[in-house]
Amino acid sequence: MASFPDTVNENDLGKAKFIGELLVPAAPFDQKSGREAWTVAFAPNGSYFAWSQGHRIVKLVPWTKCLKDFSLGQSGEGTDAGSPRRLSRQNSSEALIPSSEPLERTIDCGDIVWGLAFGSSVPEKRSRCVNIEWHRFKFGQDQLLLATGLNNGRIKIWDVYTGKLLLNLMDHTDVVRDLTFAPDGSLMLVSASRDKTLRVWDLKDDGNMVKVLRGHQQWVYCSAFSPDSSVLCSVGAGKAVFLWNMDKYTLIRKLEGHHNDVVSCEFSPDGALLATASYDTRVIVWDHHRGTILLELGHLFPPPSPIFAGGSNDRWVRSVSFCPDGRHIASVTDDRLVRFWSIEQRAPQTIASLSSGLCCAFSPEGGVLAAGTREGNVHFWESPRSVSSLQHLCRMSVRRVLTTQQVEALPIPTPLRDYLTYRVI
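Residues numbered from 1 in each chain as written. Predicted model: local features only at pLDDT ≥ 70, side-chain atom pairs only at ≥ 80, totals over all residues. Heavy atoms only, no water.

**Q** Looking at this structure, how should I read the sheet that holds strand β24 (residues 317-322)?
**A** Within a sheet, each strand pairs with its neighbour through backbone hydrogen bonds, oriented either parallel or antiparallel. Across the sheet, five strands lie side by side as β1-β27-β26-β25-β24; this open sheet has mixed pairing. The strands lining the two open edges of the sheet, one partner per strand, are β1 (14-15) and β24. In terms of strand pairing, strand β26 (residues 337-342) meets strand β27 (residues 350-353) through four bridges, oriented antiparallel. Residue pairing for β27: Arg 339 is matched across the bridge by Ile 351. (Pairing = 2+ DSSP bridges. Helix = DSSP H or I, 4+ residues; strand = E, 2+ residues; numbered from the N terminus.)

Next comes the structure, spelled out in structure tokens:
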């Protein structure tokens, strides 16, 4: 499948609305490796935003307060009217925030931070451990955890509300590149590492390591759970895209289609689609139930051949994120652009300038995209807004509970089955 046509001129595309940024202090000694924002994350309940600002430090900012500050900047209070608010977070004081409000925190993790993930528990969701009565930690519904993956292979688990270190997980032998919690509230954590393994941890069992998933022959860059927590996607060097059954911890299949290292992945909110980003300059949207490619989002003109795509160029895709509306995807690339795409088109809807971008994530409600940079800063844009079609709403509702094969097996007219199925664009 070809990328979007060469006739599309990115200079003619709309610009995404820039709403603010979080800045890290710049000093001469900081101009070295280790200050990159390799990861940004939003708490599932929207209470906090976190990013690794470099040199061992993770910043936690109350998200509602952050949005208010951005709004003040846009209304002209304290800044030029219409300009985005620029917040330098290094000298903020918790005393300025009422005690009833979430507190801004700075966490020193002791080593360079590569991966971040928020996790919150559901009390009735039991651990896979048989007897948990003697465990040190009792997780309640109001608790929020932050997992940090470090350069030395360790994973540190923090209580967000107190800033206390709860667990120190030490089984990886190389950089922990990415972390992801199961979205079902079970506090099952998966870590992806340069040691070529994925490890599954049960935090309700005091961080006991449940399973090691082996299969990657090179670095593992990223992993993501499906919305129902039953499937895990892991991506890595050597064109690898793996799907795992997380009930049996077995490999379901490998997806073939990328021509270079695959560095980022995320499922759609209904679990029907999977987006993967690669150094081959493409984002591929898959029907992972069938293992087929539905859409290719190209970032290079003209579209590269497989041989050229394997080499170095300025269009490597660094990160991809699915918007909670299920209709939009964001990508960050080395060509100093952030692109917002629709799953119904091959051309980006809007673009934004971003120098040295590394990662991106949508806010839980889908209204804002955050992107981290090599300088340790974070930039924010408004997400594209449009009215969802009836077809999209129907697909989202049905596909949350049915796979592609189950939809196609429904005893309904063929046009209606097609109406509920994502098709090749």
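That shown, we press on.
**Q** Mind showing me how you'd approach the nonpolar core here?
**A** Generally speaking, soluble globular proteins have nonpolar side chains that are buried together. Counting residues in each nonpolar core, the largest one holds 19 residues, and the members touching the most others are Cys 233, Val 235, Val 241, Leu 243, Cys 265, Phe 267 and Leu 274. Listed by contribution, the elements that provide at least two residues to this core are β16 (220-225), β17 (231-236), β18 (240-245), β20 (262-267) and β22 (282-287). Tallying contributions element by element places β20 first for this core, with four residues. Cys 66, Phe 70, Val 378 and Phe 380 belong to the second-largest nonpolar core, a separate cluster that totals 18 residues. (Core = buried A, V, L, I, M, F, W, Y, C linked by side-chain atoms within 4.5 Å. Buried < 20%, exposed > 50% of the residue type's maximum accessible area, 1.4 Å probe, protein only.)

**Q** In this structure, what is going on with the state of the cysteines? I would like to understand it.
**A** Think of a disulfide as a covalent bridge from one cysteine sulfur atom to another cysteine sulfur atom. Going through the model one piece at a time under the given rule, you end up with zero disulfides. With no disulfide of its own, Cys 222 lies closest to Cys 265 among cysteine sulfurs, the gap being 3.9 Å. Cysteine Cys 233 is unpaired, with the sulfur of Cys 265 as its nearest cysteine sulfur at 3.9 Å. (Disulfide = S-S within 2.5 Å.)

**Q** Can you walk me through the sheet that holds strand β13 (residues 188-193) in this structure?
**A** Ordered in space as β12-β13-β14-β15, the four strands form an open sheet in which the pairing is antiparallel. Two strands bound the open sheet, and with one partner strand each, they are β12 (176-181) and β15 (208-214). Across the sheet, the mean angle from the axis of one strand to that of its neighbour is 20°, orientation sign disregarded. Summarising the sheet, strand β14 (residues 197-202) and β15 pair through six bridges and their orientation is antiparallel. Within the sheet, the bridge partner assigned to Trp 201 lies in β15 and is Met 209. (Axes fitted to C-alpha atoms, helices over the stretch in contact; angles between N-to-C directions.)

**Q** Just to check I follow, could you spell out the pattern of salt bridges for this structure?
**A** Opposite charge on two side chains lets them pair, provided their charged atoms get close. In the structure shown here, the tally under the stated rule is 13 salt bridges. Among the salt bridges present, the one from Asp 280 reaches Arg 282, with a minimum N-O distance of 2.7 Å. Here Arg 423 ties to Asp 418 by a salt bridge, and the two come within 2.4 Å at their closest N and O atoms. (Salt bridge = Lys/Arg side-chain N within 4 Å of Asp/Glu carboxyl O.)

**Q** What is the right way to look at the environment of Leu 103 in this model?
**A** Along the chain, the position of Leu 103 falls in the loop between β6 (85-88) and β7 (105-108). In this structure the C-alpha to C-alpha distance between Leu 103 and Thr 162, which are 59 residues apart in sequence, comes to 9.0 Å.

**Q** Mind showing me how you'd approach the packing of aromatic side chains here?
**A** One pass over the full model with this rule turns up 15 aromatic pairs. Their ring planes at 50° and their centres at 6.3 Å tell us that Tyr 48 and Tyr 161 sit as a pair that is tilted. Separated by 113 residues along the polypeptide, Tyr 48 in strand β4 (residues 48-54) and Tyr 161 in the loop between β10 (155-159) and β11 (165-169) bring together distant segments of the chain. Under the relative-accessibility criterion, Tyr 48 is labelled buried at 1%. (Phe/Tyr/Trp six-rings, centres within 6.5 Å; stacked < 30°, edge-to-face > 60°.)

**Q** Looking at this structure, how should I read the pairing of strand β21 (residues 274-278)?
**A** The two faces of the sheet receive side chains in turn, since in a regular strand these alternate between them. For β21, the tally of buried residues reaches five of five residues, placing the bulk of the element in the interior. Where burial is concerned, the two faces of β21 agree: the one with Leu 274, Thr 276 and Ser 278 and the one with Ala 275 and Ala 277 are both buried. Of the strand pairs in this sheet, β20 and β21 are connected by five bridges, and their pairing is antiparallel. Note on β21: the bridge partner recorded for Glu 266 is Ala 275.

**Q** I'm lost on unusual backbone geometry in this one. Help?
**A** Negative phi values dominate among residues other than glycine, just as trans dominates among peptide bonds. Positive phi, close to 80°, is recorded for Arg 56, a residue that is not glycine. By relative accessible area, Arg 56 is classed as partly exposed at 39%. Positive phi, normally seen in glycine, also occurs at Ser 229, with a value near 70°.

**Q** How should I be thinking about the environment of Ile 425 in this particular structure?
**A** Structurally, Ile 425 is set in the segment after α5 (414-419). The exposure class of Ile 425 is partly exposed, given its relative accessible area of 36%. In this structure the C-alpha to C-alpha distance between Ile 425 and Leu 295, which are 130 residues apart in sequence, comes to 5.8 Å.

**Q** Got a minute to help me understand the side chain of Ser 321 in this structure?
**A** Summarising the element assignment, Ser 321 is placed in strand β24. There is a polar contact of 3.4 Å between the side chain of Ser 321 and the backbone nitrogen of Phe 362. (Polar contact = N/O pair within 3.5 Å; in protein donor to acceptor, adjacent residues only side chain to side chain.)

**Q** Even after reading the chapter, I still don't get the side chain of Ser 52, so can you show me in this structure?
**A** Along the chain, Ser 52 falls in strand β4. A residue is classified by how much of its surface remains accessible, and Ser 52, at 1% relative accessible area, is buried. Once residues within four sequence positions are removed from consideration, Ser 52 is found in contact with Glu 36, Ala 37, Trp 38, Thr 39, Ile 57, Val 58, Val 113 and Leu 116. (Contact = heavy atoms within 4.5 Å.)

**Q** What am I meant to see in the pairing of strand β28 (residues 357-362) here?
**A** For β28, the buried fraction is high: six of the six residues fall into the buried class. One ladder, built from five bridges, connects β28 with strand β29 (residues 368-373); its direction is antiparallel. Note on β29: the bridge partner recorded for Cys 360 is Ala 371. The turn joining β28 and β29, which pair antiparallel and follow one another in sequence, is formed by five residues; a positive phi near 85° is taken by Gly 366.

Just distances and angles here, no functional claims.
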